[in-house]
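# Structural features, examined
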Amino acid sequence: MTTLLDLADIQGGILRAYGRQGFPKARAFFLTVRGDGREGRAFVERLRPLVTTAARWKDPERGEALVRRRAPRLKDVARAEGEADYPGEVTLVKPKVTLNLAFTFYGLLALGVPVRTLRGMPDEFIDGMAQRAEILGDDPFRDKRDPVWRDSSGENRVHIVVMLNAQMEADGTPVAELEAETQRLRDLCGASGGQVVLLAGTGPDGADFQEMSAVLSPGEHGLAATNKEHFGLSDGFGDPVFEGQFPPALEALRVIGGGKLLPDQTWAPLATGEFLLGYPDEAQEVPGAAMPIEFSRNGTFMAYRKLHENVESFATYIRQQGARYAAIHGIPQAEAEATLRAKLVGRWEDGIPLQAAPTHADWLAFQAELAKAKAARDKPKLAALALRYTDFTYRDDLSGTTCPVAAHMRRANPRDMLDPHVTDPDPKAGDGSALVNRRRILRRGLPYGGPSQGGSGRDSGEQGIIFLAICTNLFRQFEFVQQQWMQYGLDFNAGSDTCPLIGNHPKGGSHHDPKLVIAVEPGSGQRPYICNDLPQLVEPRGGDYFFVPSMTALRLIGTGITDPT
């Protein structure tokens, strides 16, 4: 069944990541509302006409790229094959800067949304991220949070986040419109008479907004955005695909490896209700939120997290472990380091999954095959290679000899690994990814900091990822993945081992050595390799839970006429 979405009622950035639509620069502003909420509602109403929706737009400069400098994308293949991106005539022109709004529970309360509406909100959203620190594994890092999150209480409680995503000039700077929109926000706050306050303290420099930028590299026409983060790893593969997210022709491609795996081993889009409120989810239930339904429908929830990356620790650890791994296996140091990075993540540093290229030699062969297909503009070959980034399962690798069972990517989306029937010789005798389908999240966000933005490139610098997790049930989806799959290893028979990349790695003596086991084929004559003494690589610097309303709900909030009956 085809799900048709009201794109003009859904805020932008939910269905498709802005970073992939040509907006590699961004700023996040955190505001608090004081007084009786009247000026706060007026602030929302002044911004509402500027909010970017999910409606498609024309891009007058968009080419039909087939040969990409980086990995081929399924979208490019579909375009090259002549498939339309979307039906109908599109008249909206792609903006230079997008603008979106979201609210914490206390923000909605401060803006005067009726209590009878808010009491339908889920407990975890009402609690907020700080109150859920123990569940999320954030407790050890409370004192390291940015001031805006440490002080988020009383008159400094974060109520609203305004997100601006911007296009980029050839020299790597954001378009001038970003600064103009920034000034507009400051002016609106100034005109509120102190009732809408832009909070400072996002980062150690006390800035009043969180700057974000894709990691850049030299391109044909100046600097170009990459999909790298500050560890040098490619990111952004394997996001879930749900009904209505893409037009049919594109969905048929995207769903392969991105949707849910059915018992007959085919792929289907996940239920819309897993990511947008007001629609049935995988349990054929409509996720509960707030009433009336118009307030919830086409909205969603977002976990905003600032994740600091200890870049120097990562490089040092890979170098030291690489020397040991190289000596044991008799291979060059560079090959050992590349292999260890891939084993920690589940993908090689350019995003090619281990399931598609299990060994270093396979990886080089894949790269050569890709380069050859690009040079020949071989569309069928490029399409086949693009699918290999997502089209795989784990039923043939249950022991993790290709991709470690506790690797980051495998924890985030175990696919068919948790199917109780996965060992049945008949692949169609199982349940596919049924046990995973209700734990998926949309991953959005961009890197921040780094050497190009004043960071040191060491542990002490300002560098990391602004991670946005979007889903309709923060407890069942985001918090479950964060707590059970990233901060424990029980579902993967990995004991108390946490995610090697983003998990907590406390030093508790010889009985608790943070590690990743790299299994080997039985009978190979080799011993499993243990990446032991994992350092703390990622540290949360704060964040909160936000409700991302539809345009309809945004109007109800701004005009103060929400009727919960």
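See the structure shown above.
What you are looking at is a predicted structure, and each value in this text was computed from that prediction instead of being measured.

### Structural notes on the overall build of the protein chain
Looking only at helices and strands, one finds 17 helices and 15 strands in the protein chain. Since a compact globule built from 565 residues should have a radius of gyration of about 24 Å, the 23 Å found for the protein chain is in line with a globular shape. Projecting the C-alpha coordinates of the protein chain onto the three principal axes gives extents of approximately 75 × 55 × 50 Å. Taken over 565 residues, the protein chain has a buried fraction of 56%. In the protein chain, of all internal contacts separated by at least 6 residues, the share reaching a separation of at least 24 is 72%. Accessible area of the protein chain: about 23100 Å², with a carbon and sulfur share of 52%. Charge separation in the protein chain, taken as the distance between the mean sites of 64 positive and 72 negative side-chain charges, equals 2 Å.

### Describing the nonpolar core
As a rule of thumb, nonpolar side chains are buried together in soluble globular proteins. One finds F43, L101, L108, V162, F295 and F478 to be the most contacted residues of the largest nonpolar core, which totals 105 residues. Residues in contact with L101, not counting those within four places in the same chain, are Q11, V44, L47, V51, I160, V161, V162, V548, P549 and L554. Of all hydrophobic cores here, the second largest spans 32 residues; its members include A54, L199, F242 and Y448.

### Overview of the packing of helix α13 (residues 360-376) against helix α14 (residues 379-387)
The geometry of α13 relative to α14 is characterised by a closest axis approach of 9 Å and an angle of 145° between their N-to-C directions. Every pair of crossing elements has a handedness; the one defined by α13 and α14 is left-handed. Touching F366, E369, L370, A373 and K374 of α13 are K381, L382 and L385, all from α14. Looking at the contact of α13 with α14 residue by residue, the class counts come to five nonpolar, no polar and three charged.

### Let's talk about the packing of aromatic side chains
Per the counting criterion, the structure on display carries 21 aromatic pairs. Judged by centre distance (5.1 Å) and plane angle (50°), the rings of F125 and F301 are tilted. Here the residue F125 occupies a position in helix α5 (residues 123-127), and F301 occupies one in strand β10 (residues 300-309), the gap between them amounting to 176 residues. Ring centres of F301 and F547 lie 5.7 Å apart, and the angle between their planes is 50°; this geometry places the pair in the tilted category. Here F301, found in strand β10, pairs with F547, found in strand β15 (residues 538-548); they are 246 residues apart in sequence, far enough to count as distant. Accessibility expressed as a relative area gives 0% for F301, which makes it buried. Residue F547 is classed as buried on the basis of its relative accessible area of 0%. Here a set of aromatic residues connected by ring pairs shows up, and it is made of F105, Y106, F125, F295, F301 and F547.

### Quick word on the pattern of salt bridges
Evaluated as defined, the whole model comprises 30 salt bridges. Between D146 and K306 there is a salt bridge, with its nearest N and O atoms 2.6 Å apart. In this pair, D146 is assigned in the loop between α6 (133-136) and α7 (147-150) and K306 in strand β10, connecting sequence segments 160 residues apart. In terms of burial, D146 and K306 fall into one category: buried. Two residues, D281 and R476, come together in a salt bridge whose shortest N-O distance is 3.7 Å. Here R476 lies in helix α16 (residues 474-486) and D281 lies in the loop between β9 (267-268) and α10 (293-296), a separation of 195 residues in the sequence.

### Examining unusual backbone geometry
Residue P292 is bonded to the preceding M291 through a cis peptide linkage, with omega at 5°. Following the sequence through the fold, P292 ends up in the loop between β9 and α10. Located in the positive-phi region is Q265, a residue other than glycine, with phi close to 70°. With respect to the secondary-structure elements, Q265 resides in the loop between β8 (260-261) and β9. On the basis of relative accessibility, which here comes to 26%, the residue Q265 falls in the partly exposed class.

### So, the environment of K374
Of note, K374 is situated in helix α13. K374 sits in the buried class, given a relative accessible area of 15%.

### Structural notes on the pairing of strand β11 (residues 442-449)
With six of eight residues buried, β11 lies mostly within the body of the structure. Of the strand pairs in this sheet, β11 and strand β12 (residues 463-471) are connected by eight bridges, and their pairing is antiparallel. Looking at the pairing, P447 lines up with I465 of β12.

Criteria and thresholds
- Residues numbered from 1 in each chain as written.
- Predicted model: local features only at pLDDT ≥ 70, side-chain atom pairs only at ≥ 80, totals over all residues.
- Heavy atoms only, no water.
- Helix = DSSP H or I, 4+ residues; strand = E, 2+ residues; numbered from the N terminus.
- Rg over C-alpha atoms; globule rule 2.2 N^0.38 Å.
- Buried < 20%, exposed > 50% of the residue type's maximum accessible area, 1.4 Å probe, protein only.
- Contact = heavy atoms within 4.5 Å.
- Areas by Shrake-Rupley, 256 points an atom, 1.4 Å probe, with all protein chains shown as cover.
- Lys, Arg positive; Asp, Glu negative; His and termini not counted.
- Charge placed at Lys NZ, Arg CZ, Asp CG, Glu CD.
- Core = buried A, V, L, I, M, F, W, Y, C linked by side-chain atoms within 4.5 Å.
- Axes fitted to C-alpha atoms, helices over the stretch in contact; angles between N-to-C directions.
- Left-handed = near helix turned anticlockwise from the far one by under 90°.
- Nonpolar A, V, L, I, M, F, W, Y, C, P; charged D, E, K, R; others polar.
- Phe/Tyr/Trp six-rings, centres within 6.5 Å; stacked < 30°, edge-to-face > 60°.
- Salt bridge = Lys/Arg side-chain N within 4 Å of Asp/Glu carboxyl O.
- Pairing = 2+ DSSP bridges.

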